[in-house]
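Each chain, letter by letter, is given below.
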Amino acid sequence: MDWLIFLGTMLVLALIVAAVARIVASRIVAGGKTQDFATVLAAILLSFGVMLLAAQQALAVQWLFHKVGIDPATALAGKFVILAFVGGFVPIAAYVLTFLAVVRKGKK
């Protein structure tokens, strides 16, 4: 059950982040070479938001573990801290890869 909560949270967060990256990248590609200040500022702020959201993933998983009655110290074979740290990179990777894929597709 603890693995399901952890992987499910990571997957849902990665999908949300990928959707945001797709929107931001399509706006940047649509702007062409002339970018207005608001678009660039929005892209930067959303990127920072993704970093903050990824950092909060461990807290969300820990909260879900408490709600279900699982001890975070023994969850995930006792590797909760390490896996939560590594799992925080999944939303960041989803954002970057989706962003780059949409920009590359839009420039062709």
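Here's what I pulled together on the structure shown here. (Residues numbered from 1 in each chain as written. Predicted model: local features only at pLDDT ≥ 70, side-chain atom pairs only at ≥ 80, totals over all residues. Heavy atoms only, no water.)

**Details of the overall build of the chain**
The helix and strand inventory of the chain stands at four helices and zero strands. Taken against the 2.2 N^0.38 rule, which gives 13 Å for 108 residues, the C-alpha radius of gyration of the chain at 17 Å runs more than 25% over that of a compact globule. Dimensions of the chain, computed from C-alpha atoms along their principal axes, come out at roughly 55 × 25 × 20 Å. Expressed as a percentage of the 108 residues in the chain, the buried residues total 31%. Of all intrachain contacts in the chain linking residues separated by at least 6 positions in sequence, the fraction that spans at least 24 positions is 80%. Total accessible area computed for the chain in this model is approximately 7,100 Å², and 75% of it derives from carbon and sulfur atoms. (Helix = DSSP H or I, 4+ residues; strand = E, 2+ residues; numbered from the N terminus. Rg over C-alpha atoms; globule rule 2.2 N^0.38 Å. Buried < 20%, exposed > 50% of the residue type's maximum accessible area, 1.4 Å probe, protein only. Contact = heavy atoms within 4.5 Å. Areas by Shrake-Rupley, 256 points an atom, 1.4 Å probe, with all protein chains shown as cover.)

**Side note on helix H2 (residues 37–68)**
With 32 residues, H2 extends 45 Å from end C-alpha to end C-alpha; this agrees with the ideal 46 Å at 1.5 Å per step. Its maximal kink placed at Gln 56, H2 deviates by approximately 35 degrees. Taken as a whole, H2 has its buried residues at Thr 39, Ala 43, Val 50, Ala 54, Gln 57, Val 61 and Phe 65. For H2, the secondary structure elements touched by its buried residues are helix H1 (2–31), helix H3 (80–87) and helix H4 (89–107). Two residues or fewer past H2, Gly 69 is found with a positive phi of approximately 100 degrees. (Expected span 1.5 Å × (residues − 1). Bend = angle between axes of the 7 residues up to and from the residue.)

**Let's talk about H4**
Compared with an ideal rise of 1.5 Å per residue, which puts 19 residues at 27 Å, H4 spans 27 Å between its outermost C-alpha atoms and is within 8% of the ideal. For H4, the secondary structure elements touched by its buried residues are H1, H2 and H3.

**Thoughts on the packing of H1 against H3**
Packing of H1 against H3 brings their axes to within 11 Å, and their N-to-C directions diverge by 15 degrees. The angle between the axes of H1 and H3 places the two elements in the roughly parallel class. Between H1 and H3 the crossing geometry is right-handed. Across the interface between the two elements, Trp 3, Phe 6 and Met 10 from H1 touch Leu 83, Ala 84 and Gly 87 from H3. (Axes fitted to C-alpha atoms, helices over the stretch in contact; angles between N-to-C directions. Parallel < 35°, antiparallel > 145°, perpendicular 65-115°, else oblique. Left-handed = near helix turned anticlockwise from the far one by under 90°.)

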